[in-house]
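# Architecture at a glance
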Amino acid sequence: KDEEKVWSKKYASETRQWVSIRAQTLNRTVTGMMYFEKALRLLANLERLDDDTTNDLMGEKFGYIVSCQVYGQMRKDQDPKADDIDNLMHRYPHLRIAYIDSARLNRTGEMAFYSCLVKSDGNGKIQEIYRVRLPGNPVLGVGKPENQNHAMIFSRGEFVQTIDMNQEGYFEEALKMRNALQEFAKRDGPMPTTILGLREHIFTGSVSSLANYMALQETSFVTLGQRVLTKPLCIRLHYGHPDVFDKLFFITRGGISKSSKGINLSEDIFAGYNNAIRGGQVAFKEYIQVGKGRDVGMSQIYQFEAKLSQGAGEQSLSRDVYRLCHRLDFSRLLSYYFGGIGHYFSNVLTVITIYVVVYLMAILALYDLEKIGDRLITPMGTIQMLLGGLGLLHTIPLFSTLGVERGWWASLQELIQVFATGGPLHFMFHIQTKANYMTQTILVGGAKYRPTGRGFVTQHTPMDELYRFFASSHLYLGVEMGAGLIIMGFYSEAKQYFGRTWSLWLASLSFIASPFWFNPLTFDWNMVTSDYIKFISWMRGKSGGAARSWSIWWGEETSFYNKMPLTSKGWFIIKSILYLTVAEGIARSDLMKA
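A brief structural summary. (Residues numbered from 1 in each chain as written. Predicted model: local features only at pLDDT ≥ 70, side-chain atom pairs only at ≥ 80, totals over all residues. Heavy atoms only, no water.)

## Considering the layout of surface pockets
Roughly 1600 Å³ of volume is contained in the second largest pocket. Around the second largest pocket sit 46 residues that line it, and Asn-436, Gln-440, Ser-472, Glu-557 and Phe-560 are the ones nearest its centre. Ranked by residue count, the leading element in the lining of the second largest pocket is helix α19 (residues 423–444), at 10 residues. Looking at the lining of the second largest pocket, its residues break down into 25 nonpolar, 12 polar and 9 charged. (1 Å grid on protein atoms, 1.4 Å probe; cavity = no way out; pocket = protein on both sides within 12 Å on 5 of 7 lines; lining within 4 Å. Points joined across faces, edges and corners; volume = space filled by probe spheres on them. Helix = DSSP H or I, 4+ residues; strand = E, 2+ residues; numbered from the N terminus. Nonpolar A, V, L, I, M, F, W, Y, C, P; charged D, E, K, R; others polar.)

## Regarding the side chain of Ser-492
Within the secondary structure, Ser-492 sits in the loop between α20 (463–491) and α21 (497–517). Judged by relative accessible area, which is 16%, Ser-492 ranks as buried. When neighbours within four sequence positions are excluded, Ser-492 is seen to be in contact with Ala-365, Glu-370 and Arg-500. (Buried < 20%, exposed > 50% of the residue type's maximum accessible area, 1.4 Å probe, protein only. Contact = heavy atoms within 4.5 Å.)

## Thoughts on the nonpolar core
One finds Tyr-273, Tyr-336, Leu-366, Leu-477, Met-481, Leu-504 and Val-582 to be the most contacted residues of the largest nonpolar core, which totals 38 residues. Sorting the residues of this core by element identifies α11 (269–277), α13 (319–325), α15 (341–366), α19, α20, α21 and α25 (570–593) as the ones contributing at least two each. For this core, the leading source of residues is α15, giving 13 residues. Residues within four places of Val-582 in sequence aside, it is in contact with Tyr-359, Ile-363, Leu-366 and Ile-487. If you look at the next biggest cluster of nonpolar residues, it comprises 25 residues, including Leu-210, Met-298, Ile-301 and Trp-553. (Core = buried A, V, L, I, M, F, W, Y, C linked by side-chain atoms within 4.5 Å.)

## Things to note about the packing of helix α9 (residues 209–230) against helix α17 (residues 395–406)
Two quantities define a packed helix pair, namely the angle between the axes and the distance from one axis to the other. Where α9 contacts α17, the axes come no closer than 9 Å and their chain directions differ by 80°. It follows from the interaxial angle that α9 and α17 lie roughly perpendicular. Across from Leu-216, Thr-219, Ser-220, Thr-223 and Leu-224 in α9, the residues of α17 making contact are Pro-397, Leu-398, Thr-401, Leu-402, Glu-405 and Arg-406. In terms of residue class, the contact of α9 with α17 is built from 5 nonpolar, 4 polar and 2 charged. (Axes fitted to C-alpha atoms, helices over the stretch in contact; angles between N-to-C directions. Parallel < 35°, antiparallel > 145°, perpendicular 65-115°, else oblique.)

## A few points about empty space enclosed by the protein
Leftover empty space is mapped by rolling, across the atoms, a probe with the size of a water molecule. Following the criterion strictly, the structure yields 2 cavities of 30 Å³ or more and no others. By volume, the second largest cavity is sized at about 40 Å³. Lining the second largest cavity are Lys-144, Gln-148, Thr-162, Asp-164, His-238, Gly-240, His-241 and Asp-268. The residue inventory of the lining of the second largest cavity, partitioned by class, reads no nonpolar, 5 polar and 3 charged.

## What to know about the pattern of salt bridges
Two side chains bearing opposite charge may form a pair once their charged atoms approach each other closely. This model, assessed by the stated rule, comprises 16 salt bridges. Put simply, Asp-101 and Lys-76 hold a salt bridge, and the shortest N to O gap is 3.4 Å. Note that Asp-101 is positioned in strand β2 (residues 95–104) and Lys-76 in helix α4 (residues 71–76), a separation of 25 residues in sequence. In this structure Asp-101 comes out as buried when scored by relative accessible area, which is 10%. Note that Asp-320 and Lys-258 form a salt bridge whose closest N and O atoms lie 2.8 Å from each other. With Asp-320 in helix α13 and Lys-258 in the loop between α10 (247–251) and α11, this residue pair connects regions lying 62 residues apart in the sequence. Counted as one network, the salt bridges with shared partners bring together Lys-76, Asp-101, Glu-128 and Arg-131. (Salt bridge = Lys/Arg side-chain N within 4 Å of Asp/Glu carboxyl O.)

## Details of the packing of aromatic side chains
A complete count under the given rule lists 28 aromatic pairs for this structure. Taken together, a centroid distance of 5.6 Å and an interplanar angle of 65° make the contact between Tyr-467 and Trp-538 edge-to-face. Pair noted here: Tyr-467 is in helix α20 and Trp-538 is in helix α22 (residues 525–540), with a separation of 71 residues, a long-range link. Since its relative accessible area comes to 1%, Trp-538 is described here as buried. A centroid spacing of 6.5 Å and a plane angle of 65° characterise the contact between Tyr-476 and Trp-554, whose relative ring orientation is edge-to-face. Note that Tyr-476 is positioned in helix α20 and Trp-554 in helix α23 (residues 550–557), a separation of 78 residues in sequence. Among the aromatic residues, ring-to-ring pairing joins Tyr-467, Tyr-476, Phe-535, Trp-538, Trp-550, Trp-553 and Trp-554 into one connected group. Lying across the ring of Tyr-114, Arg-131 places its NZ or CZ 4.9 Å from the centre. (Phe/Tyr/Trp six-rings, centres within 6.5 Å; stacked < 30°, edge-to-face > 60°. Lys NZ or Arg CZ within 6 Å of the ring centre and 35° of its normal.)

## Quick look at the sheet that holds strand β5 (residues 159–161)
Taken in spatial order, the 5 strands of this open sheet run β5-β8-β7-β9-β6, and their pairing is mixed. Only two strands of the sheet have a single partner each, and these edge strands are β5 and β6 (167–168). With 2 bridges connecting them, strand β7 (residues 193–202) and strand β8 (residues 244–246) associate as antiparallel partners. Across the sheet, Leu-196 pairs through a bridge with Val-244, a residue of β8. Across the sheet, α9 is in contact with β7 and β9 (281–292); its angle to β9 comes to roughly 155°. (Pairing = 2+ DSSP bridges.)

Honestly, that's just the spatial picture; any functional story needs more than this.
What follows is the structure in structure tokens.
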């Protein structure tokens, strides 16, 4: 005890000074707050402070703010989730919950909306701290954008870090926040730094092969991709990552995201557009990272890619992109295109090219047009080898990133494993996912938020559910391509059929087989028989919604045709003409042979 007293007197003042220095920075992130609290409790033990004094000291230094916009409605509905949130506030007295409340005014009968902040009063009850009247309902589209913006007024400090529910912090990374925040004090260019981008560590790669593909894809994008977009391209925006915002800059310029219904489906990137248009600059530093969980199931990844593709389609129609593109220099304009919505347009062009090649080869064979004089037209094999080589080049960024982080031999092993487990099928499958939803959004609209859940989806998915998910976007196209290739094989006089069509068959196989290949327990016989019975029952069903009846599902799936303008129906008219052309060619060839 005597030695402890001597140590306490000698180092308590130094510890207090250390805590006061770190308090200015660590209290700006949730991750830092947890470890700062431990430091304060250590100081309390050194000076033998009582619990009340310790809690008062911590309350002056920091607090947790979690934005849960539906908390008020859950409380009114007596939802047990609200009780769970209350228990958290009682357990952690420095936790604050920000939510949007609504009430009907007695005088006029109109609805009034408020931003509210509540905490535990320490006696088992919930105490309201602030209530700010809003001009109307702030939730115009999906809830997330205004869930961020309305709670920002309750935060303290000059900077805000956006942390999603699927992200986490680490102790050693929290210690680097002071260094990271100093990036705002210096200028790397003519404009002030207003967004600081951070890299992410994807920790869900070991759940399944699909989770590993997403982790590898995201690792390449959040390291090498972000680095190049920042320097030398100078066109990095905000992509929903754990970026740190200059709060004073954004709170006076519309907030850190936009919430209009439909057009702002990808609400995060509009903060980047707003930042670039209004004279801000984005920095990116990799000495600090935040953990992140990615999607791990086929349906989750499908919905995630569909949401991004539809969001890119809506972005291409937005005023923000129009204004941005009219003010960028030519080099940054090209960089923005290929680093943003151009990626999705490229996927659309890729799938259209495959579609055109299949029908072109089939029609040339049907109408006996494969020859120019006595010479066969066989350029397809060369084109496929060229495209295949270009596709393999896309693995170089991933190989380089993994080589630097894990070693070159480990990087090579990882790539071999990706190819051995069917990775190319997965990536080709999602090229069509992006192309389908990008095209659908441009032609007919219909963009909507798709909650992926981000859970551990490792259970078997029945065949009827897979069919509902992927039929209109992938399965029909895969069967159509396969039928076209079979027709071409019957009527073509050219040799080397496999050499001319191997990549097209690979694409067709990917569209048809990927959902079943990556579905757990697909080849278990009990599951096969159970899936068959459910599928037949679904096909014969007449009522009970889309999940129980094919006819109801088909009506909902094709309902957008009725709302489609005449100009957008041109694509479907062209497809109908192609079907008639192929049918006429088959009849013509059969008559000539007879």
